Amino acid sequence: QVQLVESGGGLVQTGDSLRLSCAASTRTFRTTTIGWFRQVPGKEREFVARADWMGGTNYADSVKGRFTISRDNAKNTVSLQMSSLRPEDTAVYFCAATCTNWNTSRCNSWGQGTQVTVSS
């Protein structure tokens, strides 16, 4: 399994930007698609964005145009640049890998999560 650790969460105001980082401790990082999910209390975990090892990306409709995912294979890191943040973006954000179904959050590796809170 891929070992993942998220960082960069915090408290911001509506319209602000925030950058999350996911560090992977695995030799297979360069051939593994890494992505982000988020979850709020009482709701199911939802897909946010993912990036494959060649740089291809995919985004949920709710974050298109506002969030950008990128990866640095040499440093074994994946970042999520979040802009124009809204209160609806408030959630615990999880880094994930080895997913067989990104739409249903079916993944074998998860980070511990980092809290993002957007105040109005």
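Residues numbered from 1 in each chain as written. Predicted model: local features only at pLDDT ≥ 70, side-chain atom pairs only at ≥ 80, totals over all residues. Heavy atoms only, no water.

1. Some words on unusual backbone geometry
Next up, step 1: Of note in the backbone geometry, Ser84 takes a positive phi value of approximately 50 degrees without being a glycine.
Next up, step 2: Checked against the element boundaries, Ser84 lands in the loop between β8 (77-82) and β9 (91-101).
Next up, step 3: For Thr98, which is not a glycine, the phi torsion comes out positive at approximately 50 degrees.
Next up, step 4: Position of Thr98 relative to the elements: it lies in strand β9.
Next up, step 5: Among the residues examined, Thr98 registers a relative accessible area of 30% and is labelled partly exposed. (Helix = DSSP H or I, 4+ residues; strand = E, 2+ residues; numbered from the N terminus. Buried < 20%, exposed > 50% of the residue type's maximum accessible area, 1.4 Å probe, protein only.)

2. Regarding the nonpolar core
Next up, step 1: Membership of the largest hydrophobic core comes to 33 residues, with the highest contact counts inside it found for Trp36, Leu80, Met82 and Tyr93.
Next up, step 2: Elements with a contribution of two residues or more to this core: β3 (18-24), β4 (34-39), β5 (46-51), β7 (67-72), β8, β9 and β11 (114-119).
Next up, step 3: Top contributing element to this core by residue count: β9, with six residues.
Next up, step 4: With residues near it in sequence (within four places) discarded, Leu80 still touches Leu18, Arg19, Leu20, Trp36, Val48, Ala49, Phe67, Thr68, Ile69 and Tyr93. (Core = buried A, V, L, I, M, F, W, Y, C linked by side-chain atoms within 4.5 Å. Contact = heavy atoms within 4.5 Å.)

3. Some details on the pattern of salt bridges
Next up, step 1: Across all of its chains, the model carries four salt bridges by this definition.
Next up, step 2: The salt bridge involving Glu46 is made with Arg38; its shortest N-O contact spans 2.8 Å.
Next up, step 3: Here Arg38 falls in the buried class, since its relative accessible area comes to 5%.
Next up, step 4: Here Arg66 ties to Asp89 by a salt bridge, and the two come within 2.8 Å at their closest N and O atoms. (Salt bridge = Lys/Arg side-chain N within 4 Å of Asp/Glu carboxyl O.)

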